[in-house]
Every structure is written in C-alpha cells, then in structure tokens.
Amino acid sequence: MRNFLSVNQLNSKEIFSIIEAAERFRNKQLSIDKQVFAANLFFEPSTRTKMSFIVAQKKLGIEVLDFHSEASSVLKGETLYDTARTFESIGANVLVIRHGDDTWYDELIHGLQVPIINAGAGKGGHPTQCMLDLATIYQEYGYFNGLKVVIAGDIKHSRVARSNAQALKKLGANVYLSAAPGFDDPLLDFPYLSMDEAAEICDVVMLLRIQHERHEAIYRDSCYLETFGLTRDREKRMKDRAIILHPAPINRGIEIDTSLVECKRSRIFKQMENGVYVRMAIIMKLLHEWGIINDSIEKRNKTYAI
Ligand code: CP
C-alpha cells in the first residue's frame, strides 16, 4: 500500500491486520527514533480527524507540520497539487489531506513521491473513519460475517456511508441503508429499511448527520427525528446487544435524540478514541512500506509490524 486513499484498496486480511495493529498501539507506548515530519493539509473543517491524526503522530514521535488553508498561500491561488508538492519539497514524509473534491487525490498520486492519506474526500470516501468504525464494531462483536448493520441518514452526501458500506460488504456483513426521501443514493446498491425496521433488526445502527454543506437547497424538516432518526422509543426496541455509532459531529435532536448520545449502547466517543490507534497503525504501515522507517526500527519494536 503506497497511499491510503480508499477502503477499496484493502482486502479483508489487510483490514484485519490494521485493526489488530491498532489494538497493539493502544497498549504500547512507542516512538520512532528518527526525524519524521507529517503535514496535515485540511481544506475542509475538521475537529476529530485532524486532532486524532495529530495525537497519533505525536504518540509516534512524528513532528507535525500544521497548516491552515485560510492563512496559507491557497489564498493567493496556489493549487492543491502545488501545496502538497511544496510540503514534499520542504521535507514532509507523509501527507494527510482532506479536501472537498470527491477524487482530489487523482491529480496528486502520480506527481508526489511521499505517502498520502485520505482524511476525507468530498462525498467520495473517508477511509480512516471507516477503519475506526470497523475497529469499533470488531471490538464489540469480534466478527463481521452476518452482522446486520444499518447506515442511516443523509446517505447521498456522505463519504462515511460510501466507505463503510463497501468495506462492511467485503467483510460479510449484511448492510442496509435508511434515508429520508432525497437522501438515498441509487449508486449504492443495498436494501433500504425504515428506521423502525432498522432499529428492530440491526446489530449496529450507524447514524449520519445531514450534510447541509453539500446540499444545493436548505433542508428543513421539523419532524426529521420522529420520522427518520433514532428516537428513545426506537432505541428501546433495539436488540439487547445492538450498538449505536455515529462518525460525528452530531446534530443532537435531529438524527439522534440527545439523551441517546451517551447512552449505554452508544459507542460514539469510543469511535473517536479508536481513531487515534487506527491512524497510528495506518501511518506506520505507510512509513514502513515506503522505507521511511526501516527493519532495524521494526526489530527493536515488534509493535510496528503490520
Ligand atoms: N468524523 C469526522 O470526520 O469528524 P471531523 O469532521 O470533525 O473530522
């Protein structure tokens, strides 16, 4: 794996290998004993992804080159490619990029000689979010095959839905979607359920916020929670072991009743915690495969081997 751009790049064995490596990083402190720089180039807002990449990098002893697009030469017209190429030239060893274009990486991968991690591509994909979601489900159940997982919300505009549906299908889960009219996506070929049906039959209820920033018109529905969201009544009808996931940010009282955000079934903040270790595993895998960290480092610390 030269770059981490999409979950479609990974086979099942590689997915399990990253989940297992993340678990090892949770339990072991380590630091790369050579100078490595990471640049986090976020062209869209982020709290969790950006900060958990920074924590992951700092835990690994990587020096973080922070970047704020609104205070950068992007304002003078510099392109994404030239910005990324600049960071490569000044010594960044790995680039973490979020951008509003669904396939922003297509123009970068042939010109750059440095590993690139997709931290969100428009409504195209969010592979590190997907990996942390998978790690959270695996932590709960220990398998994927046959699990019933519903992804519910603004499917059409969600990069998280796209990445998760594809990866969960590959791992043998039964994937369902649930969406308000107009939020469904005909390009995703999975059965649709109402929220009432989804709450009753699924082992994992993964909620998504309405992606207002990707809508052409303002969406308003004062009955959205009652009709399409996870209400307290629907939560009561969930299976005993069923869990609630949400990539966040959460719109409390819209896709989920606010009292459920931290209820017993919710793994929402656990997902964020897991994101740090999953991102450590992905960064280390790429640094190793590019030879940026070498076998002697790996031998000194078996945790690296993934
Ligand atoms: N889940 C997620 O991508 O959150 P941020 O937009 O805050 O990074």
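Residues numbered from 1 in each chain as written. Predicted model: local features only at pLDDT ≥ 70, side-chain atom pairs only at ≥ 80, totals over all residues. Heavy atoms only, no water.

The protein chain has the name Aspartate carbamoyltransferase in an unreviewed UniProt entry, where Virgibacillus oceani is given as its organism. Heading Function (unreviewed entry) of the UniProt record for the protein chain holds this comment: "Catalyzes the condensation of carbamoyl phosphate and aspartate to form carbamoyl aspartate and inorganic phosphate, the committed step in the de novo pyrimidine nucleotide biosynthesis pathway." Taken from UniProt, the Sequence similarities (unreviewed entry) comment for the protein chain reads in full: "Belongs to the aspartate/ornithine carbamoyltransferase superfamily. ATCase family." (UniProt positions renumbered as here; feature names shortened; annotations may be inferred.)

> Explain the nonpolar core here, please?
Side chains of a nonpolar character, in soluble globular proteins, are inclined to be buried together. Counting residues in hydrophobic clusters, the biggest one holds 64 residues, and the most contacted among them are Phe25, Leu60, Ile117, Met131, Leu134, Ile151 and Leu287. Looking at this core element by element, the count peaks at 10 residues for helix H9 (residues 268–289). If near-sequence neighbours (up to four positions away) are discounted, Leu60 is found in contact with Phe25, Leu30, Ser31, Ile32, Met280, Ile283 and Met284. Ranked by size, the runner-up nonpolar core spans 21 residues in total, among them Ala152, Leu193, Ala199 and Cys202. (Core = buried A, V, L, I, M, F, W, Y, C linked by side-chain atoms within 4.5 Å. Buried < 20%, exposed > 50% of the residue type's maximum accessible area, 1.4 Å probe, protein only. Helix = DSSP H or I, 4+ residues; strand = E, 2+ residues; numbered from the N terminus. Contact = heavy atoms within 4.5 Å.)

> Whenever I open this one, the environment of Ile256 confuses me. Can you help?
The topology assignment puts Ile256 in the loop between strand E8 (243–245) and H9. Between the C-alpha atoms of Ile256 and Leu230, which are 26 residues apart in sequence, the distance is 4.7 Å. When sequence neighbours within four positions are dropped, the list of residues in contact with Ile256 reads Leu207, Leu225, Leu230, Ile244, Ile250, Asn251, Val261 and Ile268.

> What should I look at first to understand the site of the ligand in this one?
Pro45, Ser46, Thr47, Arg48, Thr49, Arg98, His126, Gln129, Pro247 and Ala248 make up every residue found near the ligand. With respect to the ligand, the backbone of Thr47 contributes an N or O atom lying 2.8 Å from an oxygen atom. Within the contact set of the ligand, a nitrogen atom lies 2.9 Å away from a backbone nitrogen or oxygen of Ala248. Contact with the protein chains covers 91% of the free accessible surface of the ligand, which is 260 Å². A per-class count over the shell around the ligand returns 3 nonpolar, 5 polar and 2 charged. (Near = heavy atom within 4 Å. Polar contact = N/O pair within 3.5 Å; in protein donor to acceptor, adjacent residues only side chain to side chain. Areas by Shrake-Rupley, 256 points an atom, 1.4 Å probe, with all protein chains shown as cover. Nonpolar A, V, L, I, M, F, W, Y, C, P; charged D, E, K, R; others polar.)

> Please clarify how the side chain of Ser266 should be interpreted in this entry.
One can find Ser266 in the loop between E8 and H9. Given the relative accessible area of 12%, Ser266 is considered buried. Here Val261 takes part through its backbone oxygen, which lies 2.6 Å from a polar atom of the side chain of Ser266.

> Please explain unusual backbone geometry as it appears in this structure.
For residues that are not glycine, phi is negative in most cases, and the peptide bond is trans in most cases. A cis geometry characterises the amide bond from Ala248 onward to Pro249, with omega recorded as 5 degrees. Looking at the element boundaries, Pro249 is found in the loop between E8 and H9. In this model, Ala248 sits at a positive phi of 65 degrees, which is unusual for a non-glycine residue. If you trace the backbone, Ala248 turns up in the loop between E8 and H9.

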